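Breakdown of the fold
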Amino acid sequence: MRIGMLGGTFDPVHLGHLRSAVEVREALELDRLHMIPAPQPPLRDTPQVSPEQRFELLRLGIGDTPSVMADDRELRREGPSYSVDTLAELRQAYGDSARLVMIIGFDAFLRLAKWYKVNQIFSLAHLVVIARPGYNECWPEALRELVGDREVDSVDELMRSPNGNVLTLALPSMMAISATYIRERLEKGESVRYLLPEAVEEAILRHGLYHSGE
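Residue positions within a chain follow its written sequence, with the count starting from 1. Confidence filtering applies because this is a predicted model: local features only for residues at pLDDT of at least 70, side-chain atom pairs given and counted only at 80 or more, and all residues used for totals across whole chains, interfaces and linings. The side-chain figures draw on all heavy atoms in the structure; neither hydrogens nor water molecules are used.

In plain terms, the rule: UniProt positions are given in the numbering used here, feature names are shortened, and annotations may be inferred rather than shown by experiment.
As recorded in an unreviewed UniProt entry, the protein chain goes by Probable nicotinate-nucleotide adenylyltransferase and comes from Vreelandella venusta. Check the Pathway (unreviewed entry) section of the UniProt entry for the protein chain; it says "Cofactor biosynthesis; NAD(+) biosynthesis; deamido-NAD(+) from nicotinate D-ribonucleotide: step 1/1."

This is the structure we're talking about:
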């Protein structure tokens, strides 16, 4: 099986997240893609909306999208959300021969050397880095040393083994939608139509999420 893990704060989930999920699932021919909200991301401020509310928005956003699922396993754990712990759970669930892939954006990839137990990630999964509009920086030296000779040039090459490789992937749509921009508009009472799935927008407005004083 080919299994993907796409984590994030999803604060809130938007069409950029969801379109990327669909395109990466197709590009990697994944059997299942787990979208996993982080309750307490170690390298950023705690979101103002609760993990449970963000998970519900994610579930609404995904709807009936084939082979994509909202996964709340990190919400059920205590303490910070470390990717290595989540990958270990997924590896145990799907077995040693499954092709397990962690998908991250290029901005997160640049900070990879600072991640908790980062070397263990490669013993559990492959890493697929999604190119993001506006991010063309050179890799930091620590990142180059960490990746070493793990880079591959194609999905076929990536999937020859269960884990351990790094592939950079450019997606067709490259939707430059920012959750920060959405939160700012919501706080001001401005329209977020066509930035979010309709069901997500309706839930945010119905519950008064992301407005001043929330």
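Next comes the rest of the write-up.
Topic: the overall build of the protein chain
Cut-off, in case you're wondering: Here a strand is any run of E in DSSP of at least two residues, a helix any run of H or I of at least four, and the numbering for each starts at the N terminus. The quantity called the radius of gyration is restricted to C-alpha atoms. Its globule counterpart is 2.2 Å times the number of residues to the power 0.38. Using the Shrake-Rupley algorithm and a 1.4 Å probe, accessible areas are obtained, with residue cover drawn only from the displayed protein chains. Counted as positive: Lys and Arg. Counted as negative: Asp and Glu. His and the chain ends are not counted at all. Here the site of a charge means NZ on Lys, CZ on Arg, CG on Asp, or CD on Glu.
For the protein chain, the count of helices and strands is nine helices and six strands. For 214 residues, the compact-globule formula gives about 17 Å, and the C-alpha radius of gyration of the protein chain, at 17 Å, lands near that figure. Referenced to the eigenvectors of the C-alpha coordinate spread, the extents of the protein chain come out at roughly 50 × 35 × 35 Å. A total accessible area of about 10,700 Å² is found for the protein chain, and carbon and sulfur atoms account for 45% of it. Here the protein chain carries 24 positive and 32 negative side-chain charges, and the mean point of each set is 1 Å from the other.

Overview of the sheet that holds strand E6 (residues 166–169)
Worth spelling out the cut-off: By the convention used here, strands pair only if DSSP detects at least 2 bridges between them. Interaxial angles span 0 to 180 degrees and are taken between N-to-C directions of axes, which are lines fitted to C-alpha atoms, for helices over the stretch in contact. Contacts between residues were defined by any pair of non-hydrogen atoms, one from each residue, lying within 4.5 Å.
Read across the open sheet, the six strands follow the order E3-E2-E1-E4-E5-E6; overall the sheet is parallel. Two strands lie at the open edges of the sheet, namely strand E3 (68–70) and E6, each paired on one side alone. Geometrically, the sheet is characterised by an average inter-axis angle of 25° between neighbouring strands, direction not taken into account. Pairing geometry for strand E1 (residues 2–8) and strand E2 (residues 32–37), over six bridges, is parallel. Across the sheet, residue Leu 6 finds its bridge partner in E2, namely Met 35. On the sheet, helix H2 (residues 51–62) packs against E2 and E3 and is oriented at approximately 155° with respect to E3.

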